Amino acid sequence: MNQIRQVRGSQGVGAAFVMALVVATAGVARADARPFVFTYEVTTMPVGAVEYEQWVTWKTSKAIDSDYDAIDFRHEIEFGVTDHFQLGLYVSDWGYEDGDSVTNDGTRWNDVAIEGIYNLSDPVADPIGVALYGEIKGGDEVLGVEGKLLLQKNIGSWIIAWNGVIEAEWEGDHFDDDNGTLEQTLGISYQVTPSLLLGAELVHEIDYADWSAWGPHVVYAGPNVSYRKGNWWVTVAPLFQLTRVDDEADFQTRLIFGINF
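Because the structure is predicted, anything quoted here is derived from the model rather than measured.

1. Considering the overall build of the protein chain
Item 1. Broken down by element type, the protein chain carries one helix and 13 strands.
Item 2. The order of helices and strands in the protein chain, counted from the N terminus, is α-β-β-β-β-β-β-β-β-β-β-β-β-β.
Item 3. Counting over 261 residues, the protein chain shows a buried share of 46%.
Item 4. About 12,100 Å² of surface is accessible on the protein chain, with carbon and sulfur atoms providing 62% of the total.

So this is what it looks like as structure tokens:
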């Protein structure tokens, strides 16, 4: 491939959703696709480049609520400011949630956000690729900041990437409910053909309630597939919970569809 991304009843519902994702990936295959959906690359867009990304994340079924379902949508526009710095604008984050454990079923608007990624080194030419990520978001009674350290190494047809994440969030009428989250993600992808990449992702997350009490460790893992054609691409990863945290979803899938301008 031209260097990979330079610079970068629940069971029934679940089966239908996964089938829809498979159909979507089958219909699209040459753009600079993202090989991962939970893990960011260190590479950034070239100066002047513009890309639109449509995110869909679906979570379902908890040990405490087998009817739980949540679907979140994100609409993002990314810009190459320089060859080493890109900005992304989350035009809107919104979603739908229902289940016995959900207080207010239905559609909700979450937030808007802006992110920046600064690339420090290249994953091919340098011993390891490094980038810094920052994000600020705001919504209805919510304010958050997030920082990430991005590491990546490309070896032949293989891409290996790791993200270390720290997030702070304030909620409530006066933003007095503050919490932290520590997270790390790992992605491995192999270029099978110039259009098709296959791999796997792992997500490890732990909440730090009120910045004073650690929550349980939650770990998800599963395969991913990325397919591209022309200026279109699509990447999807279904992840299964490997831990036994009752109030977290047992299964989640994220699909990102992108178009380059």
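2. Side note on the packing of aromatic side chains
Item 1. Evaluation of the coordinates by the stated rule reveals nine aromatic pairs.
Item 2. Aromatic side chains Tyr208 and Trp214 sit 4.1 Å apart centroid to centroid with 25° between the ring planes, which places their arrangement in the stacked category.
Item 3. Taking 5.0 Å as the distance between ring centres and 40° as the angle between the ring planes, the aromatic pair formed by Trp232 and Phe257 counts as tilted. One end of the pair, Trp232, is in strand β12 (residues 232-241); the other, Phe257, is in strand β13 (residues 251-260), and 25 residues separate them in sequence.
Item 4. Owing to a relative accessible area of 37%, Trp232 belongs among the partly exposed residues under this scheme.
Item 5. Given a relative accessible area of 22%, Phe257 falls into the partly exposed group.
Item 6. Among the aromatic side chains, those forming a connected cluster through ring pairs are Trp58, Phe240 and Phe251.
Item 7. Over the ring of Tyr40 we find Arg34; its NZ or CZ atom is 4.8 Å from the centre of that ring.
Item 8. The ring centre of Tyr90 lies 3.9 Å from the NZ or CZ of Arg74, which sits over that ring.

3. Some words on a nonpolar patch on the surface
Item 1. A cluster of nonpolar side chains, Phe79, Val81, Leu89, Val91, Ile114, Ile136, Leu143, Val145 and Phe175, forms an exposed patch at the surface whose accessible area comes to about 710 Å².
Item 2. Elements that contribute at least two residues to the nonpolar patch include exactly β2 (65-82), β3 (85-98) and β6 (142-155).
Item 3. Positionally, Ile136 belongs in strand β5 (residues 129-139).

4. Let's talk about a negative patch on the surface
Item 1. A surface patch of like charges, here negative, comprises Asp140, Glu141, Asp173, Asp176, Asp177 and Asp210.
Item 2. With respect to the helices and strands, Asp177 occurs in strand β8 (residues 177-191).
Item 3. The partly exposed category is assigned to Asp177, whose relative accessible area is 37%.

5. Brief notes about the side chain of Lys148
Item 1. Considering the arrangement of structural elements, one finds Lys148 in strand β6.
Item 2. In this structure Lys148 comes out as buried when scored by relative accessible area, which is 11%.
Item 3. Reaching out from Lys148, the side chain makes a polar contact with the side chain of Glu146 at a distance of 3.4 Å.
Item 4. For Lys148, the residues in contact, after removing those within four places along its chain, are Tyr40, Ala131, Leu132, Tyr133, Gly164 and Val165.

6. Considering the pairing of β2
Item 1. For strand β1 (residues 50-62) and β2, the ladder comprises 12 bridges, and the chain directions are antiparallel. Looking at the pairing, Thr60 lines up with Asp69 of β2.
Item 2. The antiparallel pairing of β1 with β2 creates a hairpin that spans two residues between the two strands.
Item 3. Here β2 runs beside β3; their pairing, made up of 13 bridges, is antiparallel. Of the residues in β3, the one forming a bridge with Asp69 is Asp98.

7. Notes on the environment of Val219
Item 1. Mapped onto the elements, Val219 comes out in strand β11 (residues 218-229).
Item 2. Considering only alpha carbons, one finds Val219 and Thr243, 24 residues apart in sequence, at a separation of 5.7 Å.
Item 3. Each residue touching Val219, except ones within four places of it in the same chain, is listed here: Leu202, Val203, His204, Phe240, Gln241, Leu242 and Thr243.

What counts and what doesn't
Residues numbered from 1 in each chain as written. Predicted model: local features only at pLDDT ≥ 70, side-chain atom pairs only at ≥ 80, totals over all residues. Heavy atoms only, no water. Helix = DSSP H or I, 4+ residues; strand = E, 2+ residues; numbered from the N terminus. Buried < 20%, exposed > 50% of the residue type's maximum accessible area, 1.4 Å probe, protein only. Areas by Shrake-Rupley, 256 points an atom, 1.4 Å probe, with all protein chains shown as cover. Phe/Tyr/Trp six-rings, centres within 6.5 Å; stacked < 30°, edge-to-face > 60°. Lys NZ or Arg CZ within 6 Å of the ring centre and 35° of its normal. Patch = residues over 30% accessible without salt bridge, like charges linked within 9 Å, V, L, I, M, F, W, Y side chains within 5 Å. Salt bridge = Lys/Arg side-chain N within 4 Å of Asp/Glu carboxyl O. Lys, Arg positive; Asp, Glu negative; His and termini not counted. Charge placed at Lys NZ, Arg CZ, Asp CG, Glu CD. Polar contact = N/O pair within 3.5 Å; in protein donor to acceptor, adjacent residues only side chain to side chain. Contact = heavy atoms within 4.5 Å. Pairing = 2+ DSSP bridges.

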